[in-house]
Amino acid sequence: MRLPESLPARMYLLAFDTDTNRLTSRSQLGMVLRAAALAELYLTERVTDTGGRARAASDARPTGDPVLDDLADQIAAHRPRAWHRWIGRHERATVRAVREQLEAGHHLTIEHRALLPDRVEPRDRHAVRQYAETVRGALRQSPARTDPRTAAVLALAARGEVRTVVSRRERREYRRTLDELAVYTGPVADALRKAVQTKRTVAATTATAAGS
């Protein structure tokens, strides 16, 4: 089975641990998917960087992908905003939209349950595992030889701490390589790291306040 083309859809599938068949990185998955959508819009020049802010290109055409086009429309409808602010918005809605897209494309099997959380799994775990191995293999080659989309996946997986793609040890070991790969995403990868850190700080502050 061929994997979907869009970066958000691929990032969702890569977040699955194919050994345990469980979705990982749940707390930051929405932000990772939003960042993946931004990276794809940036790579296709539908969104540009203006002074550290995301701006929709005036001549951008729809992609035909509802997740990408919805985000592009959101950006076009507002004044330019910092990239990390787009990453931290509508996280749950984005996860839901990508999941529905994957289900409609027959990439996911979803058992909808009334009282328990839905049971979700990739239809072709072997294809997902093989793709993850291909992506990880790019860590051991020159960033200059890496396909921009593969570079984006690796950089976002590292910044978003998707351990099924890049482990904590690999983030340390290949830090310089990952920094070079992040260049392909423009400001998006670093904006994702900032969004993740901001969310954790807010959660820690809230927990401290609740316990005092």
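Whatever comes next refers back to the structure up there.
Note that the structure is predicted; figures quoted are calculated from it, not measured.

Asker: Can you tell me about the layout of surface pockets, naming the residues and giving the values?
Answerer: There is about 560 Å³ of room inside the largest pocket. Together, 20 residues line the largest pocket, and Tyr12, Leu23, Arg26, Val95 and Arg99 are the ones closest to its centre. Mapped by element, the contributors of at least two residues to the lining of the largest pocket are strand S2 (22-23), helix H2 (26-43), helix H5 (91-104) and strand S7 (119-122). With five residues, H5 is the single largest residue contributor to the lining of the largest pocket. In terms of residue class, the lining of the largest pocket is built from seven nonpolar, three polar and ten charged. Space inside the second largest pocket adds up to approximately 250 Å³. Around the second largest pocket, the lining residues are Ala158, Arg159, Glu161, Arg171, Arg172, Arg175, Leu178, Asp179, Arg193, Val196, Gln197 and Arg200. Elements with a contribution of two residues or more to the lining of the second largest pocket: helix H7 (148-159), helix H8 (168-173), helix H9 (175-182) and helix H10 (188-211).

Asker: Please give an account of the side chain of Arg34 that cites residues and values.
Answerer: Following the sequence through the fold, Arg34 ends up in helix H2. For the buried Arg34, no salt bridge is present, and the opposite-charge side chain at shortest range is Asp70, 5.3 Å distant. In this structure, Arg34 is in contact with Leu71, Gln74, Trp86, Ile87, Arg89, His90 and Thr94, ignoring residues within four places of it in sequence.

Asker: Describe helix H6 (residues 125-137), and please don't skip the residues or the numbers.
Answerer: An α-helix turns once every 3.6 residues. As a result, residues three or four positions apart point the same way. Here H6 contains 13 residues, and its C-alpha end-to-end distance of 18 Å stays within 8% of the 18 Å for a straight helix at 1.5 Å per residue. When H6 is considered as a whole, its buried residues turn out to be Ala127, Val128, Tyr131, Ala132 and Val135. When H6 is viewed along its axis, its buried side chains cluster within an angular range of 135° and face the same direction. Residues of H6 that are exposed and point more than 90 degrees away from the buried face comprise His126 and Thr134. Contacts made by the buried residues of H6 are with helix H1 (7-14), S7 and H7.

Asker: Would you mind going over H9 in detail, with residue names and values included?
Answerer: Among all positions of H9, only Thr177, Leu178, Leu181 and Ala182 are buried. Buried residues of H9, viewed axially, fall in a sector of 140°; they line one side. For H9, the exposed residues set more than 90 degrees away from the buried face come down to Arg175 and Arg176.

Asker: Provide a residue-level description of the pattern of salt bridges, including the pertinent values.
Answerer: What the rule picks out here adds up to twelve salt bridges. With a closest N to O distance of 2.5 Å, Arg169 and Glu173 form a salt bridge. Here the residue Arg169 and the residue Glu173 both occupy positions in helix H8, the gap between them amounting to four residues, near one helical turn. Overall, Arg169 belongs to the partly exposed group, its relative accessible area being 48%.

Asker: Tell me about the packing of H6 against H7, and name the residues and values.
Answerer: Where H6 contacts H7, the two axes come as close as 9 Å, and the packing angle between them is 90°. The angle between the axes of H6 and H7 places the two elements in the roughly perpendicular class. Side by side, H6 and H7 meet where Tyr131, Val135 and Arg136 of the first sit next to Thr150, Val153 and Leu154 of the second. Considering only residue class, the contact of H6 with H7 consists of four nonpolar, one polar and one charged.

Asker: Describe in detail the packing of aromatic side chains, supporting the description with residues and values.
Answerer: As enumerated under the stated definition, the model contains two aromatic pairs in all. Measuring from centroid to centroid gives 6.1 Å for Tyr42 and Trp83, while their planes differ by 80°, and the two rings are edge-to-face. Of the two residues, Tyr42 sits in helix H2 while Trp83 sits in helix H4 (residues 83-87), which places them 41 residues apart along the sequence. Among the residues examined, Tyr42 registers a relative accessible area of 27% and is labelled partly exposed. Note that Arg10 overlies the ring of Tyr131, its terminal NZ or CZ placed 4.8 Å from the centroid. A cation over an aromatic ring shows up here: Arg81 above the ring of Trp86, its NZ or CZ 5.1 Å from the ring centre.

What counts, and at which threshold
Residues numbered from 1 in each chain as written. Predicted model: local features only at pLDDT ≥ 70, side-chain atom pairs only at ≥ 80, totals over all residues. Heavy atoms only, no water. 1 Å grid on protein atoms, 1.4 Å probe; cavity = no way out; pocket = protein on both sides within 12 Å on 5 of 7 lines; lining within 4 Å. Points joined across faces, edges and corners; volume = space filled by probe spheres on them. Helix = DSSP H or I, 4+ residues; strand = E, 2+ residues; numbered from the N terminus. Nonpolar A, V, L, I, M, F, W, Y, C, P; charged D, E, K, R; others polar. Buried < 20%, exposed > 50% of the residue type's maximum accessible area, 1.4 Å probe, protein only. Lys, Arg positive; Asp, Glu negative; His and termini not counted. Salt bridge = Lys/Arg side-chain N within 4 Å of Asp/Glu carboxyl O. Contact = heavy atoms within 4.5 Å. Expected span 1.5 Å × (residues − 1). Arc of directions from axis to C-beta. Axes fitted to C-alpha atoms, helices over the stretch in contact; angles between N-to-C directions. Parallel < 35°, antiparallel > 145°, perpendicular 65-115°, else oblique. Phe/Tyr/Trp six-rings, centres within 6.5 Å; stacked < 30°, edge-to-face > 60°. Lys NZ or Arg CZ within 6 Å of the ring centre and 35° of its normal.

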